[in-house]
Every structure is written in structure tokens, then in C-alpha cells.
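Breakdown of the fold
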Amino acid sequence: MKEKKLNIDANGLDLCDSKSMILNLIDNQIKNHNLQFLINWERDHSISSEENEKKIKALRTLKSEVIEFFNSCNTDDLWADFQFSIDIKVKQKTNVAA
């Protein structure tokens with residue numbers, strides 16, 4: 001297994017751009033979970049969608065929280081600073097992706 005840790009700092013970003021970047025990340029996660037579920041479901045129609053639905057619900061809740069946060073900061077004289085810490089782990093594929 002290969003691993004890499006990345007830290008990304010983004011400072012002085014426009015609030016609208018910051019909101020869009022974070023929401024796009026969440027939307028891509030939702031799309032990826034749905035795609036992986038469909039790929040696995042095509043292999044085995046008996047797979048339950050319950051776990052996928054839980055993940056999607058959690059991501060949609062997170063998305064709502066992000067929207068609410070940025071909407072509460074909606075003024076022209078504010079900028080956003082944020083940090084991302086990303087742990088990348090490359091692993092062998094299994095028969096059914098989680």
C-alpha cells in the first residue's frame with residue numbers, strides 16, 4: 001500500500017469561490033459513491049443500497065451545513081482562509097468497493 005499526506009493552504013479567497021470549491025468537492029463525492037454503487041449493483045443485484053444511502057445522506061447534510069455557513073457570512077468585505085489535510089492511501093481493489 002502506498003500513502004501520501006498533503007496539506008493545502010488557501011488564503012484570501014473570495015467567499016463565493018470558496019463556497020463553490022467546497023460544494024464541488026462534496027458533489028463529486030456524492031457522484032462517486034453513486035457510481036461505485038451502480039458498478040457494484042450491476043455485478044450483484046442483491047446488494048443493498050442502505051449503506052450508500054447513508055453516505056449520500058451524510059454528504060448532503062454536510063453540503064447543507066456548508067451552504068448555511070457561507071450564507072451566514074454573506075458580505076462583500078470578507079475573504080476565506082482554509083486548510084485541507086488530505087491522506088491518500090492507494091490500495092488493491094476488492095470485488096465490491098465500499
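Residues numbered from 1 in each chain as written. Predicted model: local features only at pLDDT ≥ 70, side-chain atom pairs only at ≥ 80, totals over all residues. Heavy atoms only, no water.

**Considerations on the nonpolar core**
To keep things clear, this is the line we draw: In plain words, nonpolar cores are sets of buried Ala, Val, Leu, Ile, Met, Phe, Trp, Tyr and Cys residues tied together by side-chain atoms within 4.5 Å. Only protein chains enter the area calculation, which uses a 1.4 Å probe; residues under 20% of their type maximum are buried, those over 50% are exposed, and those in between are partly exposed. Counting from the N terminus, the helices are DSSP H or I runs at least four residues long and the strands are E runs at least two residues long.
Leu15, Ile22, Ile26, Ile30, Val66 and Phe70 are the most contacted members of the largest nonpolar core, which totals 13 residues. Going through the elements one at a time, α1 (15-43), α2 (50-72) and β2 (79-90) are the ones with two or more residues in this core. Here this core takes five residues from α1, the largest share from any one element.

**Description of the packing of α1 against α2**
To keep things clear, this is the line we draw: Throughout, an axis means a line fitted to C-alpha atoms (over the contacting stretch in the case of helices), and angles, computed between N-to-C directions, take values from 0 to 180 degrees. In these notes the angle categories are as follows: under 35 degrees is roughly parallel, over 145 is roughly antiparallel, 65 to 115 is roughly perpendicular, and the rest is oblique. Note on contacts: a residue pair is in contact if any heavy atoms of the two residues lie within 4.5 Å. Under the convention adopted here, Pro, Cys and the residues Ala, Val, Leu, Ile, Met, Phe, Trp and Tyr are nonpolar, Asp, Glu, Lys and Arg are charged, and Gly plus all remaining residues are polar.
For the pair α1 and α2, the least separation of the axes is 10 Å and the interaxial angle reads 175°. One element, α1, and the other, α2, form an angle in the roughly antiparallel class. For the pair α1 and α2, the contacting residues are Leu15, Ser18, Lys19, Ile22, Leu23, Ile26, Asp27, Gln29, Ile30, His33, Asn34 and Phe37 in the first and Asn52, Lys55, Ile56, Leu59, Arg60, Leu62, Lys63, Val66, Ile67, Phe70 and Asn71 in the second. A breakdown of the residues in the contact of α1 with α2 according to their chemical character gives twelve nonpolar, six polar and five charged.

**Quick notes on the pairing of strand β1 (residues 2-14)**
Basically, it comes down to this: Strand pairing is assigned whenever DSSP detects at least two bridges linking the two strands.
Taking burial as the measure, the 13 residues of β1 include one buried ones, a minor fraction of the element. As judged from the eleven bridges shared by β1 and β2, these two strands associate in the antiparallel manner. Residue pairing across strands places Ile8 opposite Phe84, the latter belonging to β2.

**Focus on the pattern of salt bridges**
Stated precisely, the cut-off is as follows: Within this document, salt bridges are pairs made up of a side-chain nitrogen of Lys or Arg and a carboxyl oxygen of Asp or Glu, the two lying within 4 Å of each other.
A complete count under the given rule lists three salt bridges for this structure. For Asp87, the salt bridge identified is with Lys5, shortest N-O distance 3.8 Å. With a gap of 82 residues between them, Asp87 in strand β2 and Lys5 in strand β1 connect regions that are remote in the sequence. Residue Asp87 is classed as exposed on the basis of its relative accessible area of 52%.

**Some thoughts on the side chain of Asn52**
We apply this condition: Each polar contact in these results corresponds to two N or O atoms within 3.5 Å; when the atoms are within protein, one needs to be able to donate a hydrogen and the other to accept it, and residues that are neighboring in sequence are counted only if both atoms are side-chain atoms.
Relative to the helices and strands, Asn52 is located in helix α2. With relative accessibility at 12%, the residue Asn52 sits in the buried group. Among the polar contacts listed, one links the side chain of Asn52 to the side chain of Asn34, at a separation of 3.3 Å. If near-sequence neighbours (up to four positions away) are discounted, Asn52 is found in contact with His33, Asn34 and Phe37.

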